[in-house]
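# Observations on chain architecture
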Amino acid sequence: MQPLSLPPRLLMGPGPINCYPRVLSAMSTQLVGQYDPTMTSYMNEVMALYRRVFNTQNQQTFLIDGTSRAGIEAALVSCLEPGDKVLIPIFGRFGHLLAEIAERADAEVHTIEVPWGEVFDPQQIEDAIKKVQPKLLAIVQGDTSTTMFQPLEELGDICRAHDVLFYTDATASIGGNPLEVDAWKIDAVSVGLQKCLGGPSGSAPITLSDRFVSCVRKRAHVEAGIRDAHHQGSSGMRIRSNYFDLPMIMDYWGEERLNHHTEAATMLFGSRECAIQLLSEGQDAVIQRHQLAGDAMLQGVLAMGLKPFGDLKHKMTNVVGVHIPGHVDGEQIRHDLLNIFNIEIGTSFGPLKGKVWRIGTMGYNARQDAVLHTLQSLATVLRRAGFALPAGAAVDAAMSVYAGEK
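Residues numbered from 1 in each chain as written. Predicted model: local features only at pLDDT ≥ 70, side-chain atom pairs only at ≥ 80, totals over all residues. Heavy atoms only, no water.

Under an unreviewed UniProt entry, the chain has the name Aminotransferase V and belongs to Marinomonas pontica. Taken from UniProt, the Sequence similarities (unreviewed entry) comment for the chain reads in full: "Belongs to the class-V pyridoxal-phosphate-dependent aminotransferase family." (UniProt positions renumbered as here; feature names shortened; annotations may be inferred.)

Structure representation (structure tokens):
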């Protein structure tokens, strides 16, 4: 058996991306026991760090062990009882994911849709809330399948006016785009590490408002094997998932430290470093870095004569969709980029499968050399495939952005 030996890929797709070196270093740290004071101290520190990442005062801010989908599932199955109404505005693949998870929780799922490449106007969502009268509004902030960024600023007030809980999945957007949990009155947010936060997939930071906590606490349950006399039964229906039972996870992260699972220590160490990386550089500076890299990539794509996908007024900073030219084999281009230049870019899903490329500039890879190397390599592969484009124009356009000339 041979030791791990992976090629030196530059991951410039929609995620995952190459990790910050300090994150990888932290994840090589030796373990301690899950109730060691050092370990529980770091758990508390991670909670405090992610309050700052989420821009919230929410006490219940912690990690769900699992990929970003684990955070989504924890939020939805803990909140939604069978028959509860949930409204899900869908503008890409991951809105459909929210709907499927809510359906599996036996909620009454109502959806509204716009074409992929567009986002919702707040009035469309308020009109649907008035019609459906849901318990929960669940929406994606940034959907990498379409590269679109849904404005959330007005939705919190709309939800409060109609006594609706407000959840968003911000996995693809957090770190590279604004997210103000308290100011925007968002009740629950879950994310992952593998995009702008610059870590690996496998941990899902989540934050819950007091309103959301009050809702899920009605379903609180303590396992028989650890239940003491002072523990009370739930007043609501028991949450159908043990692993994604938010009240049980809150009890594990809280002062009582009721055993629920063994914390994924290596992922906690990595999550901690992702937050420290973001906060040390400064949230505004990181967002500006992502905006700069995204603008440079977009201008480089345009200079090659390629057509961007979707409404550019609502594009995430950290990924650009590109229409694959009609006479070009999109998969062959991706194959050659990967196998000749060690650069990965993505395609998409559903109605966009095989029709667009998705090129990311996220986290550690939101930097000038990665952008320029990707553009130069893509231009070379396209030229050799017979696509006519001006020599050097893509890199020149990107360098002009970095020089402040565009």
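## Quick look at a negative patch on the surface
A cluster of acidic residues, D121, D127, E153 and E154, forms a negative patch at the surface. Turning to its location among the elements, D127 is positioned in helix α5 (residues 122-132). (Patch = residues over 30% accessible without salt bridge, like charges linked within 9 Å, V, L, I, M, F, W, Y side chains within 5 Å. Areas by Shrake-Rupley, 256 points an atom, 1.4 Å probe, with all protein chains shown as cover. Salt bridge = Lys/Arg side-chain N within 4 Å of Asp/Glu carboxyl O. Lys, Arg positive; Asp, Glu negative; His and termini not counted. Charge placed at Lys NZ, Arg CZ, Asp CG, Glu CD. Helix = DSSP H or I, 4+ residues; strand = E, 2+ residues; numbered from the N terminus.)

## Some points on the UniProt feature "domain: Aminotransferase class V" (unreviewed entry) in the chain
UniProt records the feature "domain: Aminotransferase class V" (unreviewed entry) at residues 37-202, using the numbering of this structure. Helix makes up 36% of residues 37-202 and strand 21%. Its end C-alpha atoms lie 24 Å apart.

## Examining helix α13 (residues 393-402)
Of all the 10 residues making up α13, 7 are buried; the element is thus mostly covered by neighbouring parts of the structure. Every buried residue of α13 is listed here: A393, A394, V395, A397, A398, S400 and V401. Those residues of α13 hidden inside the fold are in contact with α10 (283-303) and α12 (368-384). Taken from the residues just after α13, G404 is the one with a positive phi, measuring 80 degrees. (Buried < 20%, exposed > 50% of the residue type's maximum accessible area, 1.4 Å probe, protein only. Contact = heavy atoms within 4.5 Å.)

## Digging into the nonpolar core
Core analysis: the largest hydrophobic core is formed by 91 residues, its most contacted members being Y50, F62, I64, L136 and F212. The element contributing the most residues to this core is helix α9 (residues 265-281), with 9 residues. Beyond its immediate chain neighbours, meaning those up to four positions away, I64 contacts A70, G71, A74, S203, A204, I206, F244, L246 and I249. (Core = buried A, V, L, I, M, F, W, Y, C linked by side-chain atoms within 4.5 Å.)

## Details of the pattern of salt bridges
Within the structure shown, the criterion is met by 15 salt bridges. Between E273 and R22 there is a salt bridge, with its nearest N and O atoms 2.8 Å apart. Here the residue E273 occupies a position in helix α9, and R22 occupies one in helix α1 (residues 21-26), the gap between them amounting to 251 residues. Judged by relative accessible area, which is 10%, E273 ranks as buried. For D187, the salt bridge identified is with R160, shortest N-O distance 3.3 Å. Separated by 27 residues along the polypeptide, D187 in the loop between β8 (165-169) and β9 (188-190) and R160 in helix α6 (residues 155-161) bring together distant segments of the chain. With relative accessibility at 36%, the residue R160 sits in the partly exposed group. It is possible to trace a salt-bridge network through shared partners that takes in R22, E45, R272 and E273.

## Brief notes about the packing of helix α2 (residues 37-54) against α9
Closest axis-to-axis distance for the α2/α9 pair is 10 Å, and the angle between their directions is 40 degrees. Classed by the angle they form, the pair α2 and α9 counts as oblique. Seen from above, α2 lies across α9 with left-handed handedness. Side by side, α2 and α9 meet where M39, Y42, M43, E45, V46, L49, Y50, R52 and V53 of the first sit next to A265, L268, F269, S271, R272, C274, A275, I276, L278 and L279 of the second. Within the contact of α2 with α9, the residues separate by chemical class into 15 nonpolar, 1 polar and 3 charged. (Axes fitted to C-alpha atoms, helices over the stretch in contact; angles between N-to-C directions. Parallel < 35°, antiparallel > 145°, perpendicular 65-115°, else oblique. Left-handed = near helix turned anticlockwise from the far one by under 90°. Nonpolar A, V, L, I, M, F, W, Y, C, P; charged D, E, K, R; others polar.)

## Describing the sheet that holds β8
Sheet architecture is open: 7 strands sit in the order β2-β10-β9-β8-β5-β3-β4, paired in mixed fashion. Edge positions in the open sheet fall to β2 (60-65) and β4 (108-113), since each of these has one partner strand only. Here the strands of the sheet are splayed against their neighbours by 20 degrees on average, with no regard to which way each runs. In this sheet, β9 lies alongside β8 in parallel orientation, the contact comprising 3 bridges. Bridging across to β9, T168 finds its partner in V189. Packing of helix α3 (residues 68-79) onto the sheet brings it into contact with β2, β5 (136-140), β8, β9 and β10 (203-208), and relative to β8 it is tilted by some 165 degrees. On the sheet, helix α8 (residues 246-253) packs against β2 and β10 and is oriented at approximately 105 degrees with respect to β2. (Pairing = 2+ DSSP bridges.)

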